[in-house]
Amino acid sequence: MSSTFVCRNQSCETPWEQSEVEIRNEGQGPLFRCPVCGARNYLEQFEDDEGNAVYEQVDGKPFL
Ligand SMILES: [Zn+2]
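Here's what I pulled together on the structure shown here. (Residues numbered from 1 in each chain as written. Predicted model: local features only at pLDDT ≥ 70, side-chain atom pairs only at ≥ 80, totals over all residues. Heavy atoms only, no water.)

Section: the coordination of the zinc ion
And step 1. All of the protein donors around the zinc ion are C7 (SG), C12 (SG), C34 (SG) and C37 (SG); their distances to the metal are 2.2 to 2.3 Å.
And step 2. If you look at the zinc ion, its four donor atoms make angles of 101 to 115° with each other, and the shape they trace is tetrahedral.
And step 3. Each donor residue of the zinc ion lies on the same chain, and together they follow the pattern C-x4-C-x21-C-x2-C. Taken together, the residues C7 in the loop between β1 (4-6) and β2 (15-17) and C37 in the loop between β4 (30-33) and β5 (40-47) connect sequence positions 30 residues apart.
And step 4. Of the residues examined, C7 reaches a relative accessible area of 2% and is grouped as buried.
And step 5. For C37, a relative accessible area of 34% corresponds to the partly exposed category. (Donors = N, O, S within 2.8 Å, 3.2 Å for Na, K, Ca; no water. Tetrahedral: all angles 85-135°; square planar, octahedral: opposite > 155°, others 65-115°. Helix = DSSP H or I, 4+ residues; strand = E, 2+ residues; numbered from the N terminus. Buried < 20%, exposed > 50% of the residue type's maximum accessible area, 1.4 Å probe, protein only.)

Description of the sheet that holds β4
And step 1. The strand order across the open sheet built from four strands is β3-β4-β5-β6, with neighbouring strands paired in antiparallel fashion. Each of the sheet's edge strands pairs with one partner strand only, and the pair in question is β3 (23-25) and β6 (53-57). This sheet shows a mean twist of 45° between the axes of neighbouring strands, independent of strand direction.
And step 2. Relative to β5, β4 runs antiparallel, the two sharing three bridges. Paired with R33 across the two strands is R40, which belongs to β5. (Pairing = 2+ DSSP bridges. Axes fitted to C-alpha atoms, helices over the stretch in contact; angles between N-to-C directions.)

Listed below in structure tokens is the structure:
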């Protein structure tokens, strides 16, 4: 399975593989910063059957 992210900055829209970005949690859930433009891209964290963290990109900013 390949989960590719796409930078949500409409003037960037660079695709990234999960291995190419640094996923962090700044208190609003997991996110990565686009290495090209620095935009925050928010993610949702899931666990696969083996307990590994997998991420799915969410649109915009998660509601708190
Ligand atoms: Zn970008």
